[in-house]
Amino acid sequence: MSTMTATAPAVPATPAAHHVAVPISWKAPVAYTVLAVGGLLGFGLSAEAGETSLISIATGAPGLGSPSFELPTLASVIVLGLIQLALAGWAWRRASQRAKAGIWLPAVFGVALVISFLLWAVAGRGYAIQFTSLLSGALFLSVPLVFGALAGCVCEHVGVINVAIEGQLLAGAFLAAVVGSATGNPWLGLICAPLAGALVGALLALFAVRYWVDHIIVGIVLNVLVTGLTSYLFSTVLSNNTAVFSNPTQLPRWPIPLLSQIPVLGPVLFDQNVLVYLMYIAVAAFHVMLFKSRWGLRMRACGEHPKAADTVGIKVNATRIRNTILGGAVAGLGGAYFTVAAGLAFGKEMSAGRGFIALAAMILGGWKPKGAILAALLFGFADNLQNALGVVGVAIPSQFMLMAPYLVTVFAVAGLVGRVRAPAAEGVAYKG
Amino acid sequence: MTTAAETPAVRAAANKPSDQPSRFRGALAKAFNGSVATSVLAVVVALVVGAILILAADRDVQRSAAYLFARPGDFFGAVWDAVAGAYSALFQGAVFNISSSYTVGQFFNPLWDTIAMSVPLIFAGLGLGIGFRAGLFNIGAQGQIVFGAILCGYIGFSWHLPVGLHLLLCLLGAVVGGAVWGFIPGFLKAKTGANEVIVTIMLNSVAGFFLGWLLTLAAFRKPGSNNPVSPAVDATARFPSFFGTAVNLGFVLAAAAAVGVWWLMERSTLGFRIRAVGANQDAARTAGMSVAASTVWVMVIAGALAGLAATSQLLASPEQQLNADIAGTFGFDAITVALLGRSRPLGTVLAGLLFGGLRAGGYLMQASTGTPIDVILVLQSVIVLLIAAPPLVKAIFRLPDPERRRQKESKRAKSGLAAEVAA
Amino acid sequence: MRLELRQITKRFGSFVANDAIDLVVEPGQIHALLGENGAGKSTLMNVLFGLYAADGGEILLDGQPVRFSGPGEAMAAGIGMVHQHFMLVPVFSVAENVAMGHEPAKALGLIDLPKSRALVKEISERFHFDVDPDAMVEDLPVGAQQRVEIIKALSRQAKILILDEPTAVLTPQETDELMAIMRQLKAAGTSIVFITHKLREVQAVADAITVIRLGKVVGSAAPTASQTELASLMVGRSVGLGVAKAPAEPGPKALEVSDLSLVEPSGLTSLDDVSFAVARGEILAVAGVQGNGQTELTQVLLGLRHPTAGSIRLDGRELAGLSVREVLDYGVGFVPEDRSKDGMVASFTIAENLVLDQVSAAPFSKAGALDIGAIADNASRQIEQFDVRTRGVDTPIGTLSGGNQQKVVLARELSRDLRLFIASQPTRGLDVGSIEFIHARIVEERDKGTPVVIVSTELDEVLALADRIAVMYRGRFTGIVPPDTPRDVLGLMMAGVPYEEALAEHKAHAATPGALAAGAAPAVPADPEEGARP
């Protein structure tokens, strides 16, 4: 009703209300400023003059190896802090113009903040951060998150809330390990992973779409089911036949010729295994198909206004079921990361909550594949940072490093509300 | 469209007094459609699924299956042995133990274990149930238990107080710890609209890491231990147990909490508002109720109850000390308990007892027949899934389901050939 | 294309929504389907469009029997429908909405957007619709959204177009534009089924009229039939006049609203400098086309939203800025426009709903504990006083009929001493009996000396109840006028024309009868359509 009022200028609008204006939201600029100043003071003050930080970067070029750079900590932190302040200033400017700042702003800001933290953390320790391996490790850790977030996107856009990503990852990991190990062929494992995820997706669709059970309930319970099932089979069938099931196989690493030689980025992006490349393809494909294709238009119609979709002859529930299964398959493929991609045997509950983080990444990314991958990379980076700094022996307890992405998500979810919109009919059964 | 949809309902309701066929038939239909029947049948299906899993993993069954056609008797004998063995161990571990019946008290020892096991599930389930009825998906019981445990445990092992007072303060600590951790998502939801599902999931992990960090500190570390465990709680703070059994004051408190929750939801104005907000937020707001206040209250109460779930680990269990796994999976299991109990206090107590029994029996089953306790998770989830989808249960048992049939008929008429799609 | 419906029957449980309905629509004809709210018009069209399966009867297109299992097949057969609630995805562009379901696609299933854009442009230009194919639907005004719906139907080569209550959301002027479009479509050979309960529109545009009452065809008429004839066919009894009410005896001013404004977060203004006063013992009726700020006005009065500027004084106390709780406690009774969304909790019992906004105070609770006895007593008393038909006070209110639900809401709000009574769309979607009852209660409350504000989009209801009429257009009051203001003047005011201009235009038209607007009786509720909504 209110939107209709708001948008009903059938005749040229009389400039009615310049005397009253919408209050501007200053939340984001304030947050940026506080973070920038906090970082500047916190890292700057505790850095002693003359201290230096070592950063080592792999060039990707065969002959050069990984040269180390020595940076003056204080100066670098100040420069980075000023960059952050400038970005915060830009945010103030945009807010005062009631305009939105692009997604690049938080991304660049975050990178600057993290680098200054890194420099501060390793200052004066004479130990170089392996910058390249930090990034490539982060990318690898974010693989299940990206697949999980994509699965979330697909399901939510068609109107089904997928809280069962965790279970889908775990099922994918399990089947990939079992098949890979039984056949001795990691490729077969990779192929089977999506099947397991799809099966969980099919259960989700059955209960949520056909029997109208609350989507969140189904998702949570399916996670328990998959956990129980895989743990049970692990302790019985797998443990009883170690000869067959416990020789982990691993997908080979495939450096892409030429591309992997690009300095810095090459080794990070193009010296990975095939699952990572599949991830690139999946992100690009979903990004385009979700918003530009017939499939995407129809499935999003089911998630936004199912009745409207029905009246133009789109079978809403069939579309929902199909795409929920597809989403499950995507997450299942991501599950292959834990076993055949990482070269590990299956372990109980080895997805360890990644499915929930993937869900958070999807929401942080505003229900879009592009945003989801950025958020997933952030989580992956924080995870890997904790590993890397643990080696250096930084004063900050590792638990706090591990906590960081979760806290970032809490703040982001609290701050982003109202700026991104979930599909209108998600979680609502269509009983047409 | 609204008018079209509204009209039949209007007319149908207006016609109602005239079309009450026989009261008897109504009662019969009710029994079939009733939730009791659905629940029982759901448990039956779950046991069948469990049996299949047990068989799949049983070596004797596998071996005899290889010569199934030569000697079918072997196979079916093995099937019977495996299933009956596992389930009778499950039952004996949960209710009473036939073989070791020296005294009546010992005879029912497993039942006392079941009751003890159910206490944390009941506490946390009660809290989650309030949330569900208020329309909040609180997935955060896990973290709330952790924070309840931190405060309760700290008071328990580092303060040295007289009997009674010490226990009281420990309980209070559990309540406050859980309530604080519940307050955060409630407050964020009320103030910013932050989705409570995401926030509580995140806070579960944060709580886990926080506890992990605390256990690295000297103040929380058992002297002389290299493991991340705290000192044991003082004897002054422990739950008195009844007649030397596993049942202790915790269960009495849980039962009292159930009564309290019933009173809160059915007989208090706060509960009235919570229910109204849960059922129809817009109408509640129009009636002058504060949705934000209701949200915060619900999360605080749910957190406090979840915090109390920690007490049965700290003040009664054999370890009585904080460790990283103090919350186990109680927080998640409690979700299924609340769902199975349909968010009602009595239902939650019964569901808690059922799952407590499965857990208690599961240990014996694992020890005596080698069937891993993980199968219990499968049983639990199948039960909850089926109970949430009564039409599916009816379809499995080919029971009549009037509503579904009407729909199916109209669908069939619509497509002309959709009949074979029916489950 | 010739459409014939034979003996169409549709049941919902024991309720027969359509009872052996026959209908013939000739090619290039505008066929009006006339009937009250709930007569079964929409159900019939949903059967035709394949959304419901008929329990009996058949559909013939050009003499061939057809059977649709879904809207897709109906559209393929050349039937298009513009639903009362638009079937448009708000976050899609016009072109995407039009293309949806039969998208022109390139390789990989990518949508050929230029092609769908061109299609929209072509149809839009052919009928002078002026719709931008790239606009987001949620940004379009209601009238334009309706044109998108028509484009959607035409792009699928619809030979028969069903328009379900298309004028409900339009101003009288937009309604005229729509009628021009309908004539254009007819000239192009499209058959149109025009569903409405507004007699004047039927007379202005229809070639044939079929009247439906309680799910049955009760007659057909030529467009030349008089409004009185049509009205009595539609209502099924001799047409009476509105509620019997004595002239108002206004007391001192009680509610004074001045310079009230509300700006949405999007920056658009939904209330724009609204000022008015209501005296004790007086009914002010706020008229206007749906979506012109009436909802926001009642929300602000109740405290659900806080005004950006302005003041609301009731008996000397400033209400702006108070919470809903405080406003209710001060003595404001409120009946929301959407009963099932805002007025009641469907799963709660009647007894609980009867204390929904008073439960935290005596006598229904004490120190935070409910007094179950007092709540039940109150319920039995109210049920009797308001003649709520139910089996018991513990019945969930969701199982009651709309009329009885509304009586519960009204009983709750009128059961205490009020300083102000606000009711929004108090009789929307109700049967005639309930409407009369509710109108009588509202007048009774006025006669007790309470100031009353009624918001209604039904002009008939406004004319039946008002002691003064405020007309709202795009967040402003175009004027506050006497209750005997002619309909066409009100209609012009609802489109934003100030009172004096509208009156001048009315007088000019009155001299040349025959035009649509002037077809109305010059003054007072002598208008026969009054009978539809007494």
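Residues numbered from 1 in each chain as written. Chains lettered and ligands numbered in written order. Predicted model: local features only at pLDDT ≥ 70, side-chain atom pairs only at ≥ 80, totals over all residues. Heavy atoms only, no water.

**Q** So what exactly am I meant to see when it comes to the interface of chain A and chain B here?
**A** Where interface size is given, it is often the accessible area lost as the parts come together that is meant. In this complex, chain A contributes 42 residues to the contact, which on the side of chain B involves 49 residues. Taking both sides of the interface into account, the surface hidden between chain A and chain B amounts to around 4200 Å²; carbon and sulfur atoms contribute 79%. Counting the surface chain A buries against chain B, the share from its top three residues, A:Tyr211, A:Tyr232 and A:Tyr406, is 16%. One can count one salt bridge joining chain A with chain B. (Contact = heavy atoms within 4.5 Å. Buried area = accessible area lost by both parts, 1.4 Å probe. Salt bridge = Lys/Arg side-chain N within 4 Å of Asp/Glu carboxyl O.)

**Q** Help me out: how do you make sense of the packing of aromatic side chains in this one?
**A** Aromatic ring pairs are defined here through the distance separating the ring centres and the angle between the ring planes. Residues and elements named next belong to chain B. Tallying each qualifying case throughout the model produces 27 aromatic pairs over all chains. Between Phe 132 and Phe 137, the aromatic rings sit 5.4 Å apart at their centres with planes inclined by 50°, giving tilted as the arrangement. Overall, the relative accessible area of 14% leaves Phe 132 in the buried class. Centroid distance Phe 147 to Phe 210: 5.4 Å. Interplanar angle 15°. Geometry classified as stacked. Taken together, the residues Phe 147 in helix H8 (residues 141-158) and Phe 210 in helix H10 (residues 196-214) connect sequence positions 63 residues apart. For Phe 147, a relative accessible area of 12% gives the class buried. (Phe/Tyr/Trp six-rings, centres within 6.5 Å; stacked < 30°, edge-to-face > 60°. Buried < 20%, exposed > 50% of the residue type's maximum accessible area, 1.4 Å probe, protein only. Helix = DSSP H or I, 4+ residues; strand = E, 2+ residues; numbered from the N terminus.)

**Q** Whenever I open this one, the sheet that holds strand S1 (residues 3-12) of chain C confuses me. Can you help?
**A** Think of a sheet as strands paired side by side through backbone hydrogen bonds, with each pair either parallel or antiparallel. Residue and element names in this part refer to chain C. The four strands lie next to each other as S2-S1-S4-S5, forming an open sheet whose pairing is antiparallel. Of all strands in the sheet, those with a lone pairing partner are strand S2 (15-25) and strand S5 (64-66), marking the two edges. Taken over all neighbouring pairs, the strand axes of this sheet differ in orientation by 30° on average, direction set aside. Where S1 and S2 come together, seven bridges link them in antiparallel fashion. (Pairing = 2+ DSSP bridges. Axes fitted to C-alpha atoms, helices over the stretch in contact; angles between N-to-C directions.)

**Q** Honestly, the domain arrangement of chain A in this entry has me stumped. Any pointers?
**A** Taken domain by domain, chain A consists of domain 1 (27-126) and domain 2 (145-373). The distance between the C-alpha centroids of domain 1 of chain A and domain 2 of chain A comes to 34 Å. (Domains from an automatic or database assignment.)

**Q** Would you mind going over the confidence of the model for chain A with me for this structure?
**A** Caution applies to low-pLDDT parts of the model: their predicted coordinates are not meant to be read in detail. Averaged over chain A, the pLDDT score is 83; the fraction of residues at 70 or greater is 89%. Predicted confidence for residues 1-20 of chain A stays below pLDDT 50, and this span has 38 contacts to residues more than four positions away or in other chains. (pLDDT = per-residue confidence, 0-100.)

**Q** Help me out: how do you make sense of the confidence of the model for chain C in this one?
**A** All names here are of chain C. Of all residues in chain C, 93% have pLDDT values of 70 or greater, and the mean over the chain is 86. A low-confidence stretch, residues 513-534 stays under pLDDT 50, and its non-local contacts, those more than four residues away or across chains, total 53 contacts. ipTM for the predicted complex: 0.81, alongside a pTM of 0.83.

**Q** Just to check I follow, could you spell out the environment of C:Asp387 for this structure?
**A** Residues and elements named next belong to chain C. Note that Asp 387 resides in the loop between helix H13 (372-385) and helix H14 (402-414). Here the alpha-carbon distance between Asp 387 and Lys 448, two residues 61 residues apart in the chain, equals 20 Å. Within the local environment of Asp 387, its side chain forms a polar contact with the side chain of Arg 389, the two groups lying 3.1 Å apart. (Polar contact = N/O pair within 3.5 Å; in protein donor to acceptor, adjacent residues only side chain to side chain.)

**Q** Just to check I follow, could you spell out the sheet that holds strand S21 (residues 468-473) of chain C for this structure?
**A** Residue and element names in this part refer to chain C. If you trace the six strands from one edge of the open sheet to the other, you get S16-S19-S20-S13-S21-S22, paired in mixed fashion. At either margin of the open sheet sits one strand with a lone partner, and together these are strand S16 (332-335) and strand S22 (476-481). Strand-to-strand twist across the sheet, computed as the mean angle between neighbouring axes with direction ignored, equals 15°. Of the strand pairs in this sheet, strand S13 (residues 283-287) and strand S20 (residues 452-455) are connected by four bridges, and their pairing is parallel.

**Q** Looking at this structure, how should I read the pairing of strand S4 (residues 56-61) of chain C?
**A** Taken residue by residue, a regular strand's side chains alternate between the two faces of the sheet. Residues and elements named next belong to chain C. As paired strands, S1 and S4 are joined by five bridges and run antiparallel to one another. If you follow Arg 6 over to S4, its bridge partner there is Glu 58. Bridge analysis of S4 against S5 gives three bridges, and the strand direction is antiparallel. Pairing of Leu 61 across the sheet is with Gln 64, part of S5. Between S4 and S5, which pair antiparallel one after the other, the connecting turn spans two residues, and Asp 62 there sits at a positive phi close to 50°.

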